[in-house]
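Working through the structure, step by step
In case you want the letters, here they are:
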Amino acid sequence: MPIPPLNDRQFAFWRLRRTGLPNVQIADRFKISRQAVSKALLAMDRKVEETLLSMAQANQIEIERLNAEIGVLFGRSVPFDAAAIVFVSADHGGVQVWYEHEGDCGACQRYTRCIELLWGYADELGGITLEKTDDPTRMADELFAKLREMV
C-alpha cells in the first residue's frame, strides 16, 4: 500500500527529516522558509499516521507505539499472536508489515527480497547500521530493536 503523499515535495521533506536533516537545512536546500517546511512536515506526519493506523486496523494489529516522524508503528497481531511492525519504506513499495517470527530463511523464495528490504529500510532511516548476517530474521530483530529505542 503506497503512501499517498500530499505532494512530492512534502514527502521529500519528510524523507530528509527522517534521515536526521534539520528543518532549517531542508529549507535552505529547497530555498523556502523554515515555516513552510514545518507546515509541510506536519501535514505529512498526519498522512503517515493515518496510513500506519489504517494498515494496523486492516491487519488486526493492536497498537503499542507509533512514531509518524520516522514512519513506524509497533504492535501485536491479534490473529497471529505475534509482534508486528508497520513501517514506511519509500524505496521498497510504500507501507510494509513485518511479523516477528522464526523462519527457515535459507529455504524461502523471498530470502533476497527480505534482505534487500531490511538493508534498504535501515539506509532510509540514516544512521542505522546492522551487523553483517545472512539471516533476515536476525537482521529484522536487530533493526526493529534499534527502532524501538528511537521511538
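This part is about the pattern of salt bridges. In this structure the tally under the stated criterion is seven salt bridges. Among the ionic pairs, Arg17 bridges to Asp45, the shortest N-O distance being 2.5 Å. Of this pair, Arg17 sits in helix 1 (residues 8-18) while Asp45 sits in helix 3 (residues 34-58), and the two are 28 residues apart along the sequence. A single burial state applies to Arg17 and to Asp45, both of which are buried. The partner of Lys146 in a salt bridge is Glu142, and the shortest N-O contact between them spans 3.2 Å.

The phi torsion at Lys31 lies on the positive side, around 55°, for a residue other than glycine. Among the structural elements, Lys31 can be located in the loop between helix 2 (23-30) and helix 3. A positive phi angle is found at Gln60, which is not glycine, with a value near 55°. Take Gln60: it is sitting in the loop between helix 3 and strand 1 (61-67).

Below, the discussion takes up the environment of Ala90. Mapping Ala90 onto the fold places it in the loop between strand 3 (82-89) and strand 4 (94-99). Assessed through its relative accessible area of 25%, Ala90 is described here as partly exposed. For the pair Ala90 and Ile115, spaced 25 residues apart in the sequence, the C-alpha separation amounts to 16 Å. Setting aside anything within four residues of it in sequence, one finds Ala90 in contact with Phe11, Arg15, Arg18 and Glu124.

Attention now moves to the environment of Asp45. On the accessibility criterion, Asp45 (12% relative accessible area) is buried. Residues Asp45 and Gln10, 35 residues apart in the sequence, show an inter-C-alpha distance of 9.9 Å.

Inspection of the secondary structure puts Lys39 in helix 3. Judged by relative accessible area, Lys39 falls into the exposed class, the value being 65%. Sequence-wise, Lys39 and Glu102 are 63 residues apart; in three dimensions their C-alpha atoms are separated by 42 Å.

Here the focus is the state of the cysteines. By definition, a disulfide links two cysteine residues through a covalent bond between their sulfur atoms. As enumerated under the stated definition, the model contains zero disulfides in all. Cys105 carries a free sulfur, and the closest cysteine sulfur to it, the one in Cys108, is 6.7 Å from it. Residue Cys105 is classed as buried on the basis of its relative accessible area of 13%. You can see Cys108 has no disulfide; the closest cysteine sulfur is in Cys114, sitting 5.9 Å from it. Accessibility expressed as a relative area gives 38% for Cys108, which makes it partly exposed.

Burial analysis of strand 2 (residues 72-77) places five of its six residues in the buried class, the great majority of the element. Between strand 1 and the antiparallel strand that follows it, strand 2, lie four residues; Gly71 among them carries a positive phi value of about 75°. Hairpin remark: strand 2 followed by strand 3, antiparallel, with four residues in the connecting loop; positive phi at Asp81, about 45°.

On to the side chain of Ser77. Position of Ser77 relative to the elements: it lies in strand 2. Given a relative accessible area of 1%, Ser77 falls into the buried group. Among the polar contacts listed, one links the side chain of Ser77 to the backbone nitrogen of Phe80, at a separation of 3.1 Å. Not counting the four nearest positions on each side in its chain, Ser77 is found in contact with Gln60, Ile61, Ala82, Ala84 and Tyr99.

Quick notes on the rules
- Residues numbered from 1 in each chain as written.
- Predicted model: local features only at pLDDT ≥ 70, side-chain atom pairs only at ≥ 80, totals over all residues.
- Heavy atoms only, no water.
- Salt bridge = Lys/Arg side-chain N within 4 Å of Asp/Glu carboxyl O.
- Helix = DSSP H or I, 4+ residues; strand = E, 2+ residues; numbered from the N terminus.
- Buried < 20%, exposed > 50% of the residue type's maximum accessible area, 1.4 Å probe, protein only.
- Contact = heavy atoms within 4.5 Å.
- Disulfide = S-S within 2.5 Å.
- Pairing = 2+ DSSP bridges.
- Polar contact = N/O pair within 3.5 Å; in protein donor to acceptor, adjacent residues only side chain to side chain.

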